[in-house]
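Below are the chains, spelled out letter by letter.
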Amino acid sequence: MSEPTVLVEKDGSLCLLTLNRPRVMNSISFQMLRELNEALDEIRFDPSVRCVIITGAGDRAFCAGADLKERAGMSEDQVRRYIHTIRATFTEVENLPMPVIAAVNGVALGGGTELALASDLRVASETATLGLTETSLAIIPGAGGTQRLPRIVGKAKAKELIFTAKRITAAEALEIGLVNRVCPPDRLLDTARELAEAICRNGPLAVRAAKRAIDRGMEMDLTDALVFESTCYETLIPTEDRLEGLRAFREKRKPEYRGR
């Protein structure tokens, strides 16, 4: 059997997904998309998972984007199917109920940057390079890049990066708010895990509700968004975790949240 293109590792409430095609800089094939979708389906319905980290195998690349060798042999209809599949897959990443952290360990171009954009938070190695480089190939980002990048870094900066197909360093990405943290290469996964552990210590239902409130609310006007925030808050009032948080505060101890 061929080696899996996506590795799944559970560690308590954390799930690590590793894109596993290091020989081709973890470029995204149809097979990788199928395996990533299968992994996401399992994670979505696993109540024990409180945070997900996505990274790339090896030290050269997070993900160099689409597998262009595979793409070169596709018919026009197959290209359309691929674009539909990668866009839908990255939307599934974005729509996971728990937070997703992209640990960008090297080159992240085209679809690699789009996968990072679909994640909630981004931690980058000092050696990372990011960019939506599709216009240099006479196409545009097709997996959400034209929509997610301006929502993160602003419209004008997103246009500059996409129109010029510019590749930027981790330091530049941090400066414009594209990544949350930058660290030495040998500290990348540790830094991502520390961030994940800080998330996992909090009430899992509350973290999920906060993610939902932010993501949906950002697409509404402020009046409607405030109503939606209240709706999300209401779901937490009858939970055991809310009462546990109050007890732990009163008893001056760490809460033990169970996600119910």
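The paragraphs below set out a description of the structure included in this document.

Cut-offs and rules
- Residues numbered from 1 in each chain as written.
- Predicted model: local features only at pLDDT ≥ 70, side-chain atom pairs only at ≥ 80, totals over all residues.
- Heavy atoms only, no water.
- Helix = DSSP H or I, 4+ residues; strand = E, 2+ residues; numbered from the N terminus.
- Rg over C-alpha atoms; globule rule 2.2 N^0.38 Å.
- Buried < 20%, exposed > 50% of the residue type's maximum accessible area, 1.4 Å probe, protein only.
- Contact = heavy atoms within 4.5 Å.
- Areas by Shrake-Rupley, 256 points an atom, 1.4 Å probe, with all protein chains shown as cover.
- Lys, Arg positive; Asp, Glu negative; His and termini not counted.
- Charge placed at Lys NZ, Arg CZ, Asp CG, Glu CD.
- Pairing = 2+ DSSP bridges.
- Axes fitted to C-alpha atoms, helices over the stretch in contact; angles between N-to-C directions.
- Phe/Tyr/Trp six-rings, centres within 6.5 Å; stacked < 30°, edge-to-face > 60°.
- Parallel < 35°, antiparallel > 145°, perpendicular 65-115°, else oblique.
- Nonpolar A, V, L, I, M, F, W, Y, C, P; charged D, E, K, R; others polar.
- Core = buried A, V, L, I, M, F, W, Y, C linked by side-chain atoms within 4.5 Å.
- Expected span 1.5 Å × (residues − 1).
- Salt bridge = Lys/Arg side-chain N within 4 Å of Asp/Glu carboxyl O.
- Left-handed = near helix turned anticlockwise from the far one by under 90°.

**Structural notes on the overall build of the protein**
When its secondary structure is counted, the protein shows eleven helices and ten strands. In terms of overall size, the protein behaves like a compact globule, its C-alpha atoms giving a radius of gyration of 19 Å where 260 residues would be expected to give roughly 18 Å. Each of the three principal axes of the protein carries a C-alpha extent, and together these read 60 × 45 × 35 Å. Taking all 260 residues of the protein together, 46% fall into the buried category. Taking the intrachain contacts of the protein between residues at least 6 apart in sequence as the baseline, contacts between residues at least 24 apart amount to 68%. Entry remark: accessible area of the protein is about 14,000 Å², with carbon and sulfur atoms responsible for 54%. Mean positive and mean negative side-chain charge positions of the protein (36 and 37 charges, respectively) differ by 1 Å.

**Overview of the sheet that holds strand E5 (residues 100–104)**
Read across the sheet, six strands follow the order E1-E2-E3-E5-E7-E10 without closing on themselves; strand pairing throughout is mixed. With partners counted over all chains shown, the strands left at the sheet margins are strand E1 (6–11) and strand E10 (181–183), one partner each. Here the average twist between neighbouring strands, direction ignored, is 20 degrees. Two strands pair when backbone bridges link them, and E5 and strand E7 (residues 121–125) are joined in this way by four bridges, in the parallel orientation. Along E7, the bridge assignment pairs Val104 with Ala124.

**Quick notes on the packing of aromatic side chains**
Across all of its chains, the model carries one aromatic pair by this definition. Note on Phe30 and Tyr82: the rings are 5.3 Å apart at their centroids and 80 degrees apart in plane angle, and the pair reads as edge-to-face. Of this pair, Phe30 sits in helix H1 (residues 30–44) while Tyr82 sits in helix H3 (residues 76–94); the two residues are 52 residues apart in sequence, bridging distant segments of the chain. By relative accessible area, Phe30 is classed as buried at 16%.

**Considering the packing of H3 against helix H4 (residues 111–118)**
For the pair H3 and H4, interaxial distance at closest approach is 8 Å and the crossing angle is 30 degrees. In terms of axis orientation, H3 runs roughly parallel to H4. Each of Phe90, Val93 and Glu94 in H3 lies in contact with H4, whose residues at this interface are Gly111, Glu114, Leu115 and Ala118. Of the residues contributing to the contact of H3 with H4, the split by class is four nonpolar, one polar and two charged.

**Details of the pairing of strand E2 (residues 14–19)**
With six of six residues buried, E2 is to be regarded as a mostly interior element. Side-chain alternation along E2 places Leu14, Leu16 and Thr18 on one buried face and Cys15, Leu17 and Leu19 on a second face that is also buried. As paired elements, E1 and E2 share six bridges and run antiparallel to each other. Its bridge partner lying in E2, Val8 is registered against Leu17.

**Some words on the nonpolar core**
Judged by nonpolar contacts, the single largest core of 48 residues is most densely connected at Leu17, Val52, Phe62 and Leu149. With seven residues, the top contributor of residues to this core is H1. Setting aside residues up to four positions removed in sequence, Leu149 forms contacts with Leu117, Leu132, Gly154, Ala158, Leu161, Ile162 and Leu178. Within the second largest apolar cluster, 15 residues are counted, among which are Cys51, Ile53, Ala103 and Leu188.

**Notes on helix H9 (residues 204–217)**
Over its 14 residues, H9 runs 19 Å from end to end, which matches the ideal 20 Å to within 8%, given 1.5 Å per residue. Where H9 is buried, its residues touch H3, E5, helix H8 (188–200), helix H10 (222–234) and helix H11 (240–251).

**Some words on the environment of Ile83**
Looking at where Ile83 falls in the secondary structure, it is placed in helix H3. As a C-alpha pair, Ile83 and Ala66 span 17 residues in sequence and 9.6 Å in three-dimensional space. Excluding residues within four positions of it along the chain, Ile83 makes contact with Arg71 and Gly142.

**A word on the side chain of Arg50**
Take Arg50: it is sitting in the loop between H1 and strand E3 (51–56). Salt bridges are absent for the buried Arg50, whose nearest opposite-charge side chain, Asp241, sits at 6.1 Å.

**Remarks on the packing of helix H5 (residues 145–153) against helix H6 (residues 155–164)**
H6 packs onto H5 with a crossing angle of 135 degrees between their chain directions and a minimal axis gap of 7 Å. As summarised for this structure, H5 and H6 are arranged oblique, according to the angle between their axes. Once H5 is placed against H6, the crossing between them reads as right-handed. Between H5 and H6, the residues in contact are Gly145, Thr146, Leu149, Pro150 and Val153 and Lys155, Lys157, Ala158, Leu161 and Ile162, respectively. Looking at the contact of H5 with H6, its residues break down into six nonpolar, two polar and two charged.

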